[in-house]
Amino acid sequence: MLPKTTTKKEQQMTISKRSDRDAYIIYYTDASGTKRRKSAKTLADAEAFVKERDKASKQIGAAFADVNPEDRTMLKLALEKSRTHGFNVLDACEFYISNNGTQADMKLMDCHDLFAGEWEAMNHRKASDTQLQTSLAFCKAHEGHTVRSVEKEHVLAFIKGRKLSLRTMINYRLRIGKFFNWACDRGYRPDNPAYAIRHNKNGTELGFETKGRPSVFSVDEVKRLFRAAEASHRDLIPYLTLGIFAGVRPLEISHNREKTGLGWGNIFFKQQAIEIPAPLSKTRECRDITIHPNMMDWFGLGGLLPISEYTALCMRRQVAKEAGVSWEPDIMRHTFATMHLKHFRNEALLKEEMGHSYGSRTLKNNYINRKDVDAEDAAAFWNLVPVKNC
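Residues numbered from 1 in each chain as written. Predicted model: local features only at pLDDT ≥ 70, side-chain atom pairs only at ≥ 80, totals over all residues. Heavy atoms only, no water.

A look at the packing of helix 14 (residues 331–344) against helix 17 (residues 375–382)
So, step 1. Interhelical geometry of helix 14 versus helix 17 gives an angle of 110° and a closest axis separation of 8 Å. On the basis of the axis angle, helix 14 is roughly perpendicular to helix 17. The two elements helix 14 and helix 17 meet at a crossing, and its hand is left-handed. Counted together, Thr335, Phe336, Met339, His340, Lys342, His343 and Phe344 of helix 14 and Ala375, Asp377, Ala378, Ala379, Phe381 and Trp382 of helix 17 form the full contact between these two elements.
So, step 2. Its residues assigned to classes, the contact of helix 14 with helix 17 shows 8 nonpolar, 3 polar and 2 charged. (Axes fitted to C-alpha atoms, helices over the stretch in contact; angles between N-to-C directions. Helix = DSSP H or I, 4+ residues; strand = E, 2+ residues; numbered from the N terminus. Parallel < 35°, antiparallel > 145°, perpendicular 65-115°, else oblique. Left-handed = near helix turned anticlockwise from the far one by under 90°. Contact = heavy atoms within 4.5 Å. Nonpolar A, V, L, I, M, F, W, Y, C, P; charged D, E, K, R; others polar.)

Printed below as a string of structure tokens:
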């Protein structure tokens, strides 16, 4: 069983005991509306941090409470010097930033070539190819610029001019921001124009979007998918079982030139557990998922593991067509989470099995209290077995 999580709230700050090791995390929101977390070795250290921040908030304001004592001293000294010499501290900062940089300015595309070389050498997952695709598209669209001539307005116009959803715009900002973060670290520019684009609870330059809950398969759709696979595509059954009944991401299941994919050796029938090794996991952390009784029956039919991305995609499209089912991104994982919560009602276990962080609110925001799935649907879902077992 998972250890219980203990929490203590004080001035909107939460102390949580980690379930994976003997340590604590303090969750809080800073003055800008950004969610923060800080680690502490002991409960006493965590409580001391909460008390000190609360005291500082009352004395000097929430914004300065998030500045450590050493930096507060430096700010006071800087203010005194600016008054002595008759200039504004903000003006001094802007002057320093605009003239900072240890490397000579260079063409934007040349800088991206250097970034791409380092990025590829770091052996990122294949899904991270989108990082290079996005940052390269931006640099090509502004190839007449040098690294330091790019402004926030260039990034914002590029993102908003492509008719993207809010989630995709946020991702574009992050990916372009990673490139400019790299450029800042290497001394090619002093600041990050992408991260200068404001997007938090207090305001946004990207806009707002009403986000509905993710789509899930109905029990009847799941049944039709598995019946179609039983009839003509049995090699796909382990893939469907891992995705729909275990919530494993498609990129964690399938193999390509960069990774091996899940095999039968990762499925431990005696222990009734599926192991997602760290190299295959999106979070690069190993996790275990429970094998429920109906999954044992589906795995008993055999099938293709490991399976290539291309083979899985082709077979999946054919099975969905034969079953008359619409397939949306991540719908297998969304279905698993919804049915698991509705039937087992164990949020802590589901977070572990999905690989979510302890402070994640994804389950609460997307899956808890859905009205389109009831307990009877969830029970039927977890009792769905092959035809021969009916």
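More follows now that the structure is in view.
Side note on the pattern of salt bridges
So, step 1. Applying the stated criterion across every chain, the model contains 9 salt bridges.
So, step 2. A salt bridge links aspartate 191 to arginine 189, with the nearest nitrogen and oxygen atoms 2.8 Å apart.
So, step 3. The partly exposed category is assigned to aspartate 191, whose relative accessible area is 32%.
So, step 4. The salt bridge involving aspartate 220 is made with arginine 224; its shortest N-O contact spans 2.4 Å. With aspartate 220 and arginine 224 both in helix 9 (residues 219–232) and 4 residues apart, this pair spans about one turn of that helix.
So, step 5. Among the charged side chains, a salt-bridge network with shared partners connects Arg249, Glu252 and Arg287. (Salt bridge = Lys/Arg side-chain N within 4 Å of Asp/Glu carboxyl O. Buried < 20%, exposed > 50% of the residue type's maximum accessible area, 1.4 Å probe, protein only.)

Quick notes on the sheet that holds strand 9 (residues 287–290)
By way of backbone hydrogen bonds, the strands of a sheet pair with one another, either parallel or antiparallel.
So, step 1. In space, the 3 strands of this open sheet follow the order 7-8-9, with antiparallel pairing throughout. Each edge of the sheet is formed by a strand with only one pairing partner; in this case those strands are strand 7 (267–268) and strand 9. (Pairing = 2+ DSSP bridges.)

Describing the pairing of strand 8 (residues 273–276)
So, step 1. Examined bridge by bridge, strand 7 and strand 8 share 2 bridges and lie antiparallel to one another. In the strand pairing of strand 8, isoleucine 267 is matched with isoleucine 274.
So, step 2. Here strand 7 hands over to strand 8 after 4 residues, with glutamine 272 in that stretch at a positive phi of 55°.
So, step 3. The pairing of strand 8 with strand 9 spans 4 bridges and is classified as antiparallel.

Examining helix 15 (residues 347–354)
So, step 1. Residues of helix 15 that are buried include every one of Leu350, Lys351, Glu353 and Met354, and no others.
So, step 2. Buried-residue contacts for helix 15 involve strand 9, helix 14 and helix 16 (362–366).

Observations concerning the packing of helix 5 (residues 108–121) against helix 8 (residues 166–185)
So, step 1. Where helix 5 contacts helix 8, the two axes come as close as 10 Å, and the packing angle between them is 95°. Between helix 5 and helix 8, the crossing angle belongs to the class labelled roughly perpendicular. The residues of helix 8 that touch helix 5, namely those facing Leu108, Cys111, His112, Leu114, Phe115, Glu118 and Trp119, are Lys178, Phe179, Phe180, Trp182 and Ala183.
So, step 2. Taken together, the residues of the contact of helix 5 with helix 8 break down into 9 nonpolar, 1 polar and 2 charged.

Regarding the nonpolar core
So, step 1. Counting 52 residues, the largest nonpolar core has Ile244, Phe245 and Ile274 as its most contacted members.
So, step 2. Residue assignment for this core shows that the elements contributing at least two residues are helix 9, helix 10 (237–244), strand 8, helix 12 (293–299), helix 13 (309–323), helix 14, helix 15 and helix 17.
So, step 3. Ignoring any residue separated from it by four or fewer positions in sequence, one finds isoleucine 274 in contact with Leu242, Ala246, Asn266, Arg287, Asp288, Ile289, Ile291, Met295 and Phe299.
So, step 4. Val147, Val155, Ile170 and Ile176 belong to the second largest nonpolar core, which has 29 residues in total. (Core = buried A, V, L, I, M, F, W, Y, C linked by side-chain atoms within 4.5 Å.)

Concerning unusual backbone geometry
Negative phi values dominate among residues other than glycine, just as trans dominates among peptide bonds.
So, step 1. Here the residue pair leucine 305 and proline 306 is connected by a cis peptide bond, since its omega of -5° sits within 30 degrees of zero.
So, step 2. Examined against the element boundaries, proline 306 turns out to sit in the loop between helix 12 and helix 13.
So, step 3. Of note, the phi angle at arginine 284 is positive, near 60°, even though the residue is not glycine.
So, step 4. Looking at the secondary structure, you find arginine 284 in the loop between strand 8 and strand 9.
So, step 5. One non-glycine residue with positive phi stands out, namely aspartate 330, at about 65°.
So, step 6. As for its placement among the helices and strands, aspartate 330 is situated in the loop between helix 13 and helix 14.

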